[in-house]
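Descriptive analysis of the structure
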Amino acid sequence: MNKYILHVDLNNFYASVEMILNPELKNKFVAVCGSVENRHGIILAKSENAKKLGVKTGMVIRDALKLCPNLVLVEAKHDKYIAYSKLIKNIYRKYTDYIESFGIDECWLDVTSSVKMFGSAEQIANDIRREVKQISGLTVSVGVSFNKVFAKLGSDLKKPDATTVISKENYKEKIWNLPVENLLFVGRSTQAKLNKININTIGDLANTDCEYLLKKFGKWGKVLHLYANGLDDSPVSKDHERDEIKSVGNSMTTYRDLVTEEDVKKIREKEAFEKKECECCADADADLSVKTMFIMAVATSIDALAVGISLAMAGGVNIFAAVAFIGATTFGFSALDVRIGNVFGSK
């Protein structure tokens, strides 16, 4: 049976919500941050035009202002973002109960059982784009594919407000020439190791002998090989289910918030596994602070902040980076407002 998976990504979500709340911001260069007063904080989100000038999520505000002197800084309004996220999910629920969040602004939808009622998966994607725009004023990019990894890749290929179909018939043509880092869970560290052995594109990864990847990267090499060849078979969780975390990518972007010690343990086990089985993981620790900073599943509780601290301290990484991002995302304080590194005497 053919599976039909959508990945729906709200375009420049925080910044777009801010422009709806304040129409005067429309067409301006906008960045959302934890604190407007403290210009040493970090960028949590940016508008599309600011992105084109090189402004990036996680960038220090002063560096962003060098790239974009006209950047308008807006303090984050997390209650509003959550409200809009819930509004959009109600649209998704009209089409399927199988909705799996990937942070506050992204979701996978399994519409395999919905096509008989609502038309093709591409039609459903286009209907969702239209409804989201009509009801909220926001835009989404949708990837349509036969698995989650390719659906996610599809939503990234064309932005904003677009639908991209990656099928069993066209995936080699559409994605194999893309840089290998475009593949979900290939972070900077993994990219560098792959590039070092002349694997530069997704097609290179797909066509590399699996036994060779097993030898170089352990079991994770086999997983990436399967992903590149379109063989991801992971299911989309049903709405409101909170699945046990089964795997975590090298970019450390988790499927959901980390809220228990067991979740943290699994992250640590994944890192330990990589160090043990991958002979080229000597630089893993150096990359961990960056990975931790970009745990993009948005924290919504004190527990999540505590988990971020626990993860950072247990892994011996830059606790400041972890707390700065999770704290700013959760509570709205600027990354450098609290000198966590000095308080804890960490790296």
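Note that the coordinates shown come from a computational prediction; the quantities given were computed from them, not determined experimentally.

Some thoughts on the overall build of the chain
If you tally the helices and strands in the chain, you get 17 helices and 8 strands. By the burial criterion, 55% of the 347 residues in the chain qualify as buried. Counting contacts in the chain only where the partners sit at least 6 residues apart, residues at least 24 apart contribute 60% of the total. Put simply, the chain shows about 16200 Å² of open surface, and 52% of that area lies on carbon and sulfur atoms.

Topic: the pattern of salt bridges
Evaluated as defined, the whole model comprises 11 salt bridges. Measuring nitrogen to oxygen at the nearest pair gives 3.8 Å for the salt bridge that ties aspartate 156 to lysine 159. Judged by relative accessible area, which is 34%, aspartate 156 ranks as partly exposed. Its relative accessible area of 30% is what places lysine 159 among the partly exposed residues. Taken together, the shared-partner salt bridges connect Asp9, Glu106, Lys152, Asp156 and Lys159 into one network.

Looking at the packing of aromatic side chains
A complete count under the given rule lists 11 aromatic pairs for this structure. Where phenylalanine 150 meets tyrosine 171, the ring centres are 5.4 Å apart and the plane angle is 40°; that geometry is what we call tilted. Of this pair, phenylalanine 150 sits in helix 7 (residues 148–157) while tyrosine 171 sits in helix 8 (residues 171–175); the two residues are 21 residues apart in sequence, bridging distant segments of the chain. Tyrosine 171 matches phenylalanine 150 in its accessibility class, with the two residues each being buried. Counting every residue linked through ring pairs, the aromatic cluster contains Phe146, Phe150, Tyr171 and Trp176. Over the aromatic face of tryptophan 108 sits the side chain of lysine 148, whose NZ or CZ is 4.8 Å from the ring centroid. Between the NZ or CZ atom of lysine 168 and the centre of the ring of phenylalanine 146, over which it lies, the distance is 5.7 Å.

Points about the sheet that holds strand 5 (residues 99–101)
Working definition: the strands of a sheet are paired by backbone hydrogen bonds and lie parallel or antiparallel to each other. Taken in spatial order, the 5 strands make up an open sheet running 5-6-1-7-8, and their pairing is mixed. One side of each edge strand has no neighbouring strand; the edge strands of this open sheet are strand 5 and strand 8 (163–165). Here the strands of the sheet are splayed against their neighbours by 20° on average, with no regard to which way each runs. The sheet contact formed by strand 5 and strand 6 (residues 106–110) spans 3 bridges and is antiparallel. By the bridge assignment, glutamate 100 is partnered in strand 6 with tryptophan 108. Taken strand by strand, helix 6 (residues 121–136) contacts strand 1 (5–10), strand 6, strand 7 (140–145) and strand 8, and its axis lies near 170° from that of strand 7. Along the sheet, helix 7 makes contact with strand 1, strand 5, strand 6, strand 7 and strand 8, crossing strand 1 at roughly 40°.

Examining the sheet that holds strand 2 (residues 30–33)
Ordered in space as 3-2-4, the 3 strands form an open sheet in which the pairing is mixed. Each edge of the sheet is formed by a strand with only one pairing partner; in this case those strands are strand 3 (43–46) and strand 4 (72–75). On average, adjacent strands in this sheet sit at an angle of 30° to one another, irrespective of strand direction. Pairing analysis gives 3 bridges linking strand 2 to strand 3, with the strands arranged antiparallel. Following the sheet pairing, cysteine 33 is matched in strand 3 by isoleucine 43.

Quick word on the confidence of the model for the chain
Reading fine detail from the predicted coordinates is not recommended where pLDDT is low. Put simply, the chain has an average pLDDT of 78, and 68% of its residues get 70 or more. Low confidence marks residues 273–347, where pLDDT is under 50. Its contacts with residues over four positions away, or in another chain, come to 150 contacts.

With respect to the environment of serine 114
For serine 114, the position within the fold is in the loop between strand 6 and helix 5 (115–118). C-alpha separation for the pair serine 114 and tyrosine 95, spaced 19 residues apart in sequence, amounts to 6.4 Å. Not counting residues within four places of it along the chain, the set of residues in contact with serine 114 comprises Tyr95, Thr96, Gly119 and Ile124.

With respect to the environment of lysine 56
Looking at the secondary structure, you find lysine 56 in the loop between helix 2 (48–52) and helix 3 (61–67). Each C-alpha atom of the pair lysine 56 and isoleucine 42 lies 9.5 Å from the other, and the pair is 14 residues apart in sequence. If sequence neighbours within four positions are ignored, lysine 56 has contacts with Ile43 and Lys46.

Let's talk about the environment of leucine 205
Looking at the secondary structure, you find leucine 205 in helix 10 (residues 202–207). Separated by 20 residues in sequence, leucine 205 and histidine 225 have C-alpha atoms that sit 6.2 Å apart. Among all residues touching leucine 205, those that are not within four sequence positions of it are Val180, Leu183, Leu194, Ile199, Leu213, Leu224, His225 and Ala228.

Observations concerning the packing of helix 4 (residues 78–92) against helix 6
Where helix 4 meets helix 6, the closest approach of the two axes is 10 Å, and the angle between their N-to-C directions is 140°. When the axes of helix 4 and helix 6 are compared, the pair comes out oblique. Two packed elements cross with a definite hand, and for helix 4 against helix 6 that hand is right-handed. Taking contact as the criterion, the partners of Tyr84, Leu87, Ile88, Ile91 and Tyr92 in helix 4 are, on helix 6, Ile128, Glu131, Val132, Ile135 and Ser136. Looking at the contact of helix 4 with helix 6, its residues break down into 8 nonpolar, 1 polar and 1 charged.

The rules we used
Residues numbered from 1 in each chain as written. Predicted model: local features only at pLDDT ≥ 70, side-chain atom pairs only at ≥ 80, totals over all residues. Heavy atoms only, no water. Helix = DSSP H or I, 4+ residues; strand = E, 2+ residues; numbered from the N terminus. Buried < 20%, exposed > 50% of the residue type's maximum accessible area, 1.4 Å probe, protein only. Contact = heavy atoms within 4.5 Å. Areas by Shrake-Rupley, 256 points an atom, 1.4 Å probe, with all protein chains shown as cover. Salt bridge = Lys/Arg side-chain N within 4 Å of Asp/Glu carboxyl O. Phe/Tyr/Trp six-rings, centres within 6.5 Å; stacked < 30°, edge-to-face > 60°. Lys NZ or Arg CZ within 6 Å of the ring centre and 35° of its normal. Pairing = 2+ DSSP bridges. Axes fitted to C-alpha atoms, helices over the stretch in contact; angles between N-to-C directions. pLDDT = per-residue confidence, 0-100. Parallel < 35°, antiparallel > 145°, perpendicular 65-115°, else oblique. Left-handed = near helix turned anticlockwise from the far one by under 90°. Nonpolar A, V, L, I, M, F, W, Y, C, P; charged D, E, K, R; others polar.

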